[in-house]
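Residue-level listing of the chains:
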Amino acid sequence: MRTGKYRLAMAAAMLIVAFNAWLAIRALHAFFDVQNWRAHTFEVLVHTKTVEADVSKSTAAVRAYLISGDPLYKSRYNDATADIDRELDAIKTLTVDNNTQQERLAYTRQRILVRMSALQTGIAMRDATHEMLGPVSLMAVLTDSPDHGPTVAYCLQQMENEENRLLNDRTAASLRARSVVVWTFVAASLLAILLLGATAELGIRAVRDRQALINSEAEIRVLNEELRITNTSLEERVEQRTKELANTNQELEAFSYSVSHDLRAPLRTIDGFSLALSEDYADKLDETGRDYITRVRGGVQRMGLLIDSLLQLSRVTRMDLQSERFDISQVASLVFGELEALDKDRSVELVAQPGVLVVGDPRLIRIALENLMGNAWKFTSKTPNALIQFGSMPGTGEYEGTTVYFVRDNGAGFDMQYVDRLFTAFQRLHGDRDFKGSGIGLATVSRIIRRHHGSIWAEGQIGQGATFYFTLGGPGADVNARA
Ligand SMILES: Nc1ncnc2c1ncn2[C@@H]1O[C@H](COP(=O)(O)OP(=O)(O)O)[C@@H](O)[C@H]1O
Ligand SMILES: [Mg+2]
């Protein structure tokens, strides 16, 4: 954009300078023209003046001869008249392209002849009489106009006037042309100066812009450097905070672990003695007493379950991740076998895709499957023809490029409205009366999947069963899982 303007201004300035040069050349031509005309006019005038002088000289010579009769004056007369014809011829050549002057010249030549013949007559009369002529004769011979017509001087003056008039006309025309040229020249020069100034200004601005750019580049470099330093210190701070956070987490985990662990001993005591009470003192208690003991034992068992779940959750967080490649289908079948062994009264069908290989920590993934399949087992307890499925499929959308694993059942299902709560500890969508539990299982699973850099989500519908999906790290995340 700027270069375009710059070029345009430059081109305009150059054009105007060229136009100016042309004007100057034209003005010079006109000037030389006038000079030539002036020279021409002067040349003509030189010749007319010479003719006039020659005519006067011959008149003077004749007068002297008429008075003195000295032949010297006769020869002077001859000398003076000798050149007149040549001078007239020269004028004729000079004014050849001017008809008026040519006519005037012819007339002048005639008048000169009249003058010359009067003088000739005077000489002849003096030669014949050998004495001075009388005043009347003298007058007749020496008069400027013997026949009373226009004098030679007058005719020559007319010609000179014409030449002067022509010269004046041409000079005036050239003066007019000159003032036009001068003004045009001045205007064009001003314009050229303006344009050159503008071009220079543009150039200066371009240079300034570049300088500014260089300056801002330098500023950017400085800012970048500052940013880099800030980033480095920020990274250091983040690292520091992460370390602190990890330490705090560790302390917290250790605390919850030891609390859960320490709670177990008194709980075992309560369990043992309540059992002893119900067995050894059953006959000494009435119905209400026995009911209380049963409730105490139920509570103790629930608490034992809760403590086990909490311990598992904390263990899952503390355990080192030891990734390897293994057959997850086998783990699923194993877990299912254990569930069957624990609850021999139920008949549940398992459909598991065989030979699905994953990279991850087999102990942790086994815990995850225990929880997911345990849930499936539990929430199908009221479903006839209970079915649990395990398999894998290629991920789509956000999970494009990764494998998605799933555990599906045809049990109680859940309301999708509360799906977000599922993976939070102690959050349960089903009452303890229908399905017993601690509400910590899915939180544990979620933690395991997160440790594998994967995602977990669920789909369900009340009475239609539920499906839990999970991934084990995104594309390339297997490397992390292995680390
Ligand atoms: N397979 C499932 N079908 C229906 N609901 C489920 C299923 N798995 C989990 N849920 C819902 O998620 C809640 C949390 O699960 P979980 O953390 O394992 O706790 P718990 O199994 O102890 O109830 C369950 O109480 C239940 O409401
Ligand atoms: Mg559970």
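Going along each chain's sequence as written, the residues are numbered from 1 onward. Whichever chain is written first is A, and whichever ligand is written first is 1; the rest continue in order. Under the rules for a predicted model, residues below a pLDDT of 70 receive no local features and side-chain atom pairs below 80 are neither given nor counted, while totals for whole chains, interfaces and linings still include all residues. Note that water and hydrogens are dropped before the side-chain values are worked out from all heavy atoms of the structure.

(A) Here's a closer look at the domain arrangement of the protein. Here the domain parsing of the protein yields domain 1 (2–203) and domain 2 (321–482). An automatic or database domain assignment supplies the start and end points of every domain. One C-alpha centre belongs to domain 1, the other to domain 2, and the line joining them spans 127 Å.

(B) Fine view of the UniProt feature "transmembrane region" (unreviewed entry) in the protein. UniProt positions are given in the numbering used here, feature names are shortened, and annotations may be inferred rather than shown by experiment. UniProt marks residues 180–200 with the feature "transmembrane region" (unreviewed entry), using the numbering shown here. In the segment residues 180–200, helix accounts for 100% and strand for 0%; the C-alpha atoms at its two ends are 29 Å apart. Numbering of helices and strands starts at the N terminus; helices are DSSP runs of H or I of at least 4 residues and strands are runs of E of at least 2.

(C) Representation of the pattern of salt bridges in the model. One side-chain nitrogen of Lys or Arg within 4 Å of one carboxyl oxygen of Asp or Glu is enough to make a salt bridge. With the rule as written, the count across this model stands at 24 salt bridges. The closest approach of N and O atoms between Glu162 and Arg165, which form a salt bridge, is 3.2 Å. Of this pair, Glu162 and Arg165 both sit in helix 6 (residues 152–280), three residues apart, which is roughly one turn of the helix. Per-residue accessibility, obtained with a 1.4 Å probe over protein chains only, is compared with the maximum for each type, and a residue is labelled buried under 20%, exposed over 50%, and partly exposed between these values. Classification of Glu162 as buried rests on a relative accessible area of 11%. Of the charged contacts in the structure, one is a salt bridge between Arg290 and Glu287, with a shortest N-O distance of 3.2 Å. Pair noted here: Arg290 and Glu287 are both in helix 7 (residues 287–318), with a separation of three residues, about one helical turn. Among the residues examined, Arg290 registers a relative accessible area of 33% and is labelled partly exposed. Overall, Glu287 belongs to the exposed group, its relative accessible area being 58%. Linked through salt bridges whose partners overlap, the residues forming this network are Arg104, Glu162, Arg165 and Asp169.

(D) How the structure looks around the side chain of Thr444. Positionally, Thr444 belongs in helix 10 (residues 441–451). A relative accessible area of 0% places Thr444 in the buried class. Discounting residues that sit within four places of it in the chain, Thr444 has contacts with Gln312, Leu313, Val316, Ile367 and Asn371. The contact definition used throughout considers only heavy atoms, calling two residues in contact when any of these lie within 4.5 Å.

(E) Broad picture of unusual backbone geometry. The backbone phi angle of His148 is positive, close to 65°, even though this residue is not glycine. By secondary structure assignment, the location of His148 is in the loop between helix 5 (135–142) and helix 6. Of the residues examined, His148 reaches a relative accessible area of 75% and is grouped as exposed.

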